Amino acid sequence: MGAARLLAKGWVLFCVYGGGLALVRALAAGAPAAETAWAISVCVLLFGAMGLLFVSGYGLSAGHVRLFGPTGLKPSQIIPGFNELVFLGFALVMFCVQNFYAPTQHSGPVVDAIESAIRFAVFGQRAFADALLLCGKDGGRLFVSAFSWMLAFIFLASALSRVRLDAAIVRIERKRHPEALGAQPLAFALGLAAVAGVQLLYVGTGYRLLSCPMLAGIWGDTVIGVGPLVFAYVVVAALTNLLALGPEG
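Predicted, not measured: the structure shown is a model, and the values here were computed from it. (Residues numbered from 1 in each chain as written. Predicted model: local features only at pLDDT ≥ 70, side-chain atom pairs only at ≥ 80, totals over all residues. Heavy atoms only, no water.)

**Quick look at the overall build of the protein**
Move 1: Scanning the protein for helices and strands turns up 12 helices and zero strands.
Move 2: Shown N-terminal to C-terminal, the secondary structure of the protein runs as helices and strands in the order α-α-α-α-α-α-α-α-α-α-α-α.
Move 3: Here the protein holds 249 residues, and the buried ones make up 41% of them.
Move 4: Relative to all contacts within the protein whose residues are 6 or more apart in sequence, the contacts with residues 24 or more apart total 84%. (Helix = DSSP H or I, 4+ residues; strand = E, 2+ residues; numbered from the N terminus. Buried < 20%, exposed > 50% of the residue type's maximum accessible area, 1.4 Å probe, protein only. Contact = heavy atoms within 4.5 Å.)

And the structure:
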């Protein structure tokens, strides 16, 4: 739950998910598969490397990134934990739903039930529906957002059931590798990020800030697809780091 790892995970997810959306759109438009895949892969790698370069610099300054020597990178630091595996699985499901199901199957009893339930539970879903109506850019996006929020709630409930255990693990890790920001500033920063997520996504302010071209573009679709999941992950990280400040998990 260190700051460097969280930043790296978020940046890689954004680049890979956005690149996947761009690839699917280009292939659907009839672009050559090999040339398009190569061009998008290069862009994803360049943007990913650019972000990871800054994150690695932060990790090196904190003493968390060691590529050589007996204290180098260990397999346990690379293999994702249970929460990360669930998150990746949900992100993959969202990618398939967003690209292969929602564009053609965005109406029906089940779809309407999911959209109605999320519209009742999430204020931002109503703001998102208004933005789509204003721009005339639905195309299954309302169902994608509703489905993403549903998966975000499932992930949040699953992760919170183990939050004390995760906090204890974080506490042990900090004894070996203290956080550069300090435990309290990191918990405060993650708390601010969670509050910002509530305002931008759950309340819906962020949807009102997106212009119509951006709403229908790669950036907008990435936010719609994995934004709620990332918000749930940040909430879990904030609570975990907050509990890790105490003497007991």
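Picking up after the structure, the text goes on.
**Here's the deal with the state of the cysteines**
Move 1: All told, the structure shown has one disulfide when counted by the stated rule.
Move 2: Two residues share a disulfide in this structure: Cys135 and Cys212, whose sulfurs sit 1.9 Å from each other. Taking the sign of the S-S torsion, -75 degrees for the link of Cys135 and Cys212, the bridge is left-handed. Taken as a pair, Cys135 in helix H6 (residues 123–135) and Cys212 in helix H11 (residues 212–215) lie far apart in primary sequence, 77 residues in all. (Disulfide = S-S within 2.5 Å.)

**Comments concerning helix H5 (residues 109–121)**
Move 1: In a regular helix each residue adds 1.5 Å, so 13 residues correspond to 18 Å; H5 covers 18 Å between its end C-alpha atoms and thus fits that length.
Move 2: Where H5 is buried, its residues contact helix H4 (82–101), H6 and helix H7 (141–160). (Expected span 1.5 Å × (residues − 1).)

**With respect to the side chain of Gln125**
Move 1: Assignment of secondary structure puts Gln125 in helix H6.
Move 2: Ignoring sequence-local partners within four residues, the contact set of Gln125 consists of Ile118, Arg119, Leu142, Ser145, Ala146 and Trp149.

**Overview of the layout of surface pockets**
Move 1: In this structure, the second largest pocket encloses a volume near 210 Å³.
Move 2: What lines the second largest pocket is a set of 13 residues, among which Arg25, Gln98, Asn99, Pro103 and Asp221 lie closest to the centre.
Move 3: Only helix H1 (3–28), H4 and H7 provide two or more residues apiece to the lining of the second largest pocket.
Move 4: Broken down by element, the lining of the second largest pocket gets its largest block of residues, four residues, from H1.
Move 5: Tallied by class, residues from the lining of the second largest pocket come to six nonpolar, four polar and three charged. (1 Å grid on protein atoms, 1.4 Å probe; cavity = no way out; pocket = protein on both sides within 12 Å on 5 of 7 lines; lining within 4 Å. Points joined across faces, edges and corners; volume = space filled by probe spheres on them. Nonpolar A, V, L, I, M, F, W, Y, C, P; charged D, E, K, R; others polar.)

**Let's talk about helix H9 (residues 183–202)**
Move 1: Between the first and last C-alpha of H9 there are 27 Å, a value that for 20 residues agrees with the 28 Å anticipated at 1.5 Å per step.
Move 2: Remark: Gly204 follows H9 within two positions and exhibits a positive phi of approximately 105 degrees.

**Overview of the pattern of salt bridges**
Move 1: The tally for this structure, following the rule as stated, stands at three salt bridges.
Move 2: With its nearest N and O atoms 1.8 Å apart, the salt bridge here joins Asp221 to Arg25. Of this pair, Asp221 sits in helix H12 (residues 218–244) while Arg25 sits in helix H1, placing them 196 residues apart in sequence.
Move 3: Of the residues examined, Asp221 reaches a relative accessible area of 6% and is grouped as buried.
Move 4: With a shortest N-O distance of 3.0 Å, Arg141 and Asp221 are connected by a salt bridge. Linking Arg141 in helix H7 with Asp221 in helix H12, this pair joins segments that are 80 residues apart in sequence. Accessibility assignment for this pair places Arg141 and Asp221 in one class, buried.
Move 5: Overlapping salt bridges, with partners in common, bring together Arg25, Arg141 and Asp221 in one network. (Salt bridge = Lys/Arg side-chain N within 4 Å of Asp/Glu carboxyl O.)

**Comments concerning the confidence of the model for the protein**
Move 1: Within the protein, residue pLDDT values average 83, and 85% of them lie at 70 or more.
Move 2: Mean pLDDT values over the elements of the protein span from 55, in helix H3 (residues 75–78), up to 94, in H7.
Move 3: Across residues 67–72, confidence stays below pLDDT 50; counting only partners more than four residues off in sequence or on other chains, it has four contacts. (pLDDT = per-residue confidence, 0-100.)

**Examining the nonpolar core**
Move 1: Phe155 and Leu215 are the most contacted members of the largest nonpolar core, which totals 49 residues.
Move 2: Elements supplying a minimum of two residues to this core: H1, H4, H5, H6, H7, H9 and H12.
Move 3: It is H12 that contributes the most residues to this core, 11 residues altogether.
Move 4: Other than its neighbours up to four places away in sequence, Leu215 contacts Phe128, Ala131, Leu132, Cys135, Arg141, Leu210, Gly220, Asp221 and Ile224. (Core = buried A, V, L, I, M, F, W, Y, C linked by side-chain atoms within 4.5 Å.)

**Re a nonpolar patch on the surface**
Move 1: Judged by side-chain polarity, Leu160, Leu239, Leu242 and Leu245 come together as a nonpolar surface patch covering roughly 320 Å² of accessible area.
Move 2: Taking relative accessible area as the criterion, Leu245 reaches 36% and is therefore assigned partly exposed. (Patch = residues over 30% accessible without salt bridge, like charges linked within 9 Å, V, L, I, M, F, W, Y side chains within 5 Å. Areas by Shrake-Rupley, 256 points an atom, 1.4 Å probe, with all protein chains shown as cover.)

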